[in-house]
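Remarks on the overall topology
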Amino acid sequence: EIDYSVLDYRTARELLAADYDRTQIAGWMKAQSPQLAGRHANQDDYIRRTLEQAEQRLTPAERQQMEHARASRTAEQSEELEPDDDMGFTRS
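Residues numbered from 1 in each chain as written. Predicted model: local features only at pLDDT ≥ 70, side-chain atom pairs only at ≥ 80, totals over all residues. Heavy atoms only, no water.

A word on the packing of helix α1 (residues 4–17) against helix α2 (residues 22–32)
Selection rule: Axes here mean lines fitted to C-alpha atoms, for a helix over just the part in contact, with angles spanning 0 to 180 degrees between N-to-C directions. The numbering of helices and of strands both runs from the N terminus, where a helix is a DSSP run of H or I of at least 4 residues and a strand a run of E of at least 2. An angle below 35 degrees is read as roughly parallel, one above 145 as roughly antiparallel, one from 65 to 115 as roughly perpendicular, and any other as oblique. The crossing is said to be left-handed when, going from far helix to near helix, the turn is anticlockwise and less than a right angle, and right-handed when the turn is clockwise. Contacts are assigned to residue pairs with any non-hydrogen atoms lying within 4.5 Å of each other. Only Asp, Glu, Lys and Arg are considered charged, only Ala, Val, Leu, Ile, Met, Phe, Trp, Tyr, Cys and Pro nonpolar, and every remaining residue, Gly among them, polar.
At their nearest, the axes of α1 and α2 sit 10 Å apart, and the two run at 155° to each other. Viewed along their axes, α1 and α2 adopt a mutual orientation that is roughly antiparallel. Where α1 crosses over α2, the handedness of that crossing is right-handed. For the pair formed by α1 and α2, the contact residues are Asp-8, Thr-11, Ala-12, Leu-15 and Leu-16 on the first element and Arg-22, Ile-25, Trp-28 and Met-29 on the second. The residue inventory of the contact of α1 with α2, partitioned by class, reads 6 nonpolar, 1 polar and 2 charged.

See the structure below:
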């Protein structure tokens, strides 16, 4: 039998390490976690606790992965679009 709580925890941990937003992860868990309503009467509290535990237990390698993902996304977002010779746009 599948332990969906373990699956939720592991998925949350992987998504946190990939620097997904906690709100996005919580929304995914609420919408996609199998049988969530039947497993947990207070879904929001369960999700909050699962995310807290997953974040607290990230390994140094996972934290480094999270920082790398954050830095990469920040660099992509900071690039400005500039017109090119063909009146298109390129990233600076």
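On we go.
Focus on the side chain of Ser-33
Selection criterion: Whether a residue is buried, partly exposed or exposed follows from its accessible area with a 1.4 Å probe, protein chains only, as a fraction of its type maximum: under 20%, in between, or over 50%, in that order.
Topologically, Ser-33 is positioned in the loop between α2 and α3 (36–39). Ser-33 sits in the buried class, given a relative accessible area of 7%. The residues touching Ser-33, leaving out its near neighbours within four places in the chain, are Asp-8, Trp-28 and Arg-39.

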